[in-house]
Amino acid sequence: MIAAPLVIAPSILAADFAHLADEARAVAGAADWLHVDVMDNHFVPNLTIGLPVVQSLLKASELPFDVHLMIERPARWAPSYAEAGAYNVTFHAEACADPAALAKDLRAAGSRAGLAIDRDTPVEGYLELLPHFDTLLIMTIKAGFGGQAFLPEMLAKVRAARRHVDAGHLEVRIEVDGGIAADTIAAAAAAGADAFVAGTAVYGADDPAEAVRRLRARAAAAAGGTGAAGGPEVGR
Ligand code: DX5
Ligand code: ZN
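Only a predicted model underlies this, so the values are computations on that prediction, with no experimental measurement involved. (Residues numbered from 1 in each chain as written. Chains lettered and ligands numbered in written order. Predicted model: local features only at pLDDT ≥ 70, side-chain atom pairs only at ≥ 80, totals over all residues. Heavy atoms only, no water.)

(A) Spatial organisation of the overall build of the chain. Broken down by element type, the chain carries 8 helices and 8 strands. Over its C-alpha atoms the chain spans a radius of gyration of 16 Å, differing by no more than 12% from the 18 Å that the globule rule assigns to 236 residues. Along the first, second and third principal axes, the C-alpha atoms of the chain reach 40 × 40 × 30 Å. Of the contacts made within the chain by residues no fewer than 6 positions apart, 66% connect residues no fewer than 24 positions apart. Within the structure as shown, the chain displays about 9,800 Å² of accessible surface, and the carbon and sulfur contribution to it stands at 52%. The average position of the 19 basic charges and that of the 29 acidic charges among the side chains of the chain differ by 3 Å. (Helix = DSSP H or I, 4+ residues; strand = E, 2+ residues; numbered from the N terminus. Rg over C-alpha atoms; globule rule 2.2 N^0.38 Å. Contact = heavy atoms within 4.5 Å. Areas by Shrake-Rupley, 256 points an atom, 1.4 Å probe, with all protein chains shown as cover. Lys, Arg positive; Asp, Glu negative; His and termini not counted. Charge placed at Lys NZ, Arg CZ, Asp CG, Glu CD.)

Below you can see the structure in the form of structure tokens.
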């Protein structure tokens, strides 16, 4: 069973970084979360923004922030994003020796906790950790850059995670990130994802808010529900 409503999270990686507050406003009212990609030039080759910029952006937007840390040593930084007011803070399993401990720290610091699984990492070894987490982010590309092609073979991980979450009656969102667009979101929803990150498909569109609404409609149709949040949703 997929929890309704579905979550659509535009990624600001595809937005104009000179106008981030305006770009966040452009999807307010249509999007559920704002996905913020933090990259450190070590865990991934790319470099984006860090804590001071995210702190400023948090003050400029009402949307719940879904912070995706693609950084080494996430225990050093992740709790600061929670303290700054992020709704959900996700770090990579590949970068963390004790994911359950960091999840506990994040929850204590006031955010939800998310675990990310990169393209080359099997999900099976992490399923037992899910009771410590609120979101499981399954990369549908290799983490590091926007605009890459969706990898449908990653959906086997989504299906395995969905089976595990449903069998255990866990309250964990299964989020997909990478190449999510009008022609791929239905397959991800049918596989069991219930949160969808989209960068290029939203900020590459003439009307980003309308792009979010269209993505939601396609995902909802594939998931078999309405998925109609009708606006920001922060409860799950
Ligand atoms: C890439 C990031 C993604 C990225 C997705 O590592 O984690 O969030 O913004 O961009 P698109 O939707 O263009 O694939
Ligand atoms: Zn991301």
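Back to the write-up after that little detour.
(B) Region of interest: the site of ligand 1. Neighbouring ligand 1 are 21 residues, the closest being Ser11, Asp177, Gly179, Gly199 and Thr200. Within the side chain of Ser11, a nitrogen or oxygen atom sits 2.7 Å from an oxygen atom of ligand 1. A distance of 3.3 Å separates an oxygen atom of ligand 1 from a polar atom in the side chain of His35. Given that more than half its atoms are within 2 Å of the pocket grid, ligand 1 belongs to the second largest pocket. Every element with two or more residues in the shell around ligand 1 is listed here: β2 (34-39), β3 (65-70) and β8 (195-198). It is β2 that provides the largest number of residues to the shell around ligand 1, a total of 3 residues. Here the shell around ligand 1 is built from residues that sort into 9 nonpolar, 10 polar and 2 charged. (Near = heavy atom within 4 Å. Polar contact = N/O pair within 3.5 Å; in protein donor to acceptor, adjacent residues only side chain to side chain. 1 Å grid on protein atoms, 1.4 Å probe; cavity = no way out; pocket = protein on both sides within 12 Å on 5 of 7 lines; lining within 4 Å. Sits in = over half its atoms within 2 Å of the grid points. Nonpolar A, V, L, I, M, F, W, Y, C, P; charged D, E, K, R; others polar.)

(C) Representation of the nonpolar core within the structure. With 66 residues, the main nonpolar core has Ile12, Val54, Phe65, Val67, Leu136 and Phe196 as its most contacted residues. Ignoring any residue separated from it by four or fewer positions in sequence, one finds Val67 in contact with Val36, Val38, Val54, Tyr81, Ala86, Asn88, Val89 and Thr90. By size, the runner-up hydrophobic cluster in this structure holds 10 residues, among which are Val44, Ala95, Met139 and Ala143. (Core = buried A, V, L, I, M, F, W, Y, C linked by side-chain atoms within 4.5 Å. Buried < 20%, exposed > 50% of the residue type's maximum accessible area, 1.4 Å probe, protein only.)

(D) Highlighting the layout of surface pockets. Roughly 310 Å³ of internal volume is contained in the second largest pocket. Lining the second largest pocket are 28 residues, and of these Gly146, Gly147, Gly178, Gly179 and Gly199 sit closest to its centre. Within the residue set of the lining of the second largest pocket, elements represented by two or more residues are β2, β3, β8 and α7 (200-203). Its residues placed into classes, the lining of the second largest pocket shows 13 nonpolar, 12 polar and 3 charged. (Points joined across faces, edges and corners; volume = space filled by probe spheres on them.)

(E) Fine view of the sheet that holds strand β4 (residues 88-92). Taken together, the 8 strands give an open sheet; going across it, the order is β1-β8-β7-β6-β5-β4-β3-β2, and neighbouring strands pair in parallel fashion. Where the open sheet ends on each side, the last strands, each with one partner, are β1 (7-10) and β2. Put simply, the sheet's adjacent strands are angled 20° from each other on average, direction ignored. Bridge analysis of β1 against β8 gives 4 bridges, and the strand direction is parallel. Counted as the bridge partner of Val7 is Ala195 from β8. Strands β1 and β8 of the sheet are contacted by helix α8 (residues 208-223), whose axis makes an angle of about 145° with β1. (Pairing = 2+ DSSP bridges. Axes fitted to C-alpha atoms, helices over the stretch in contact; angles between N-to-C directions.)

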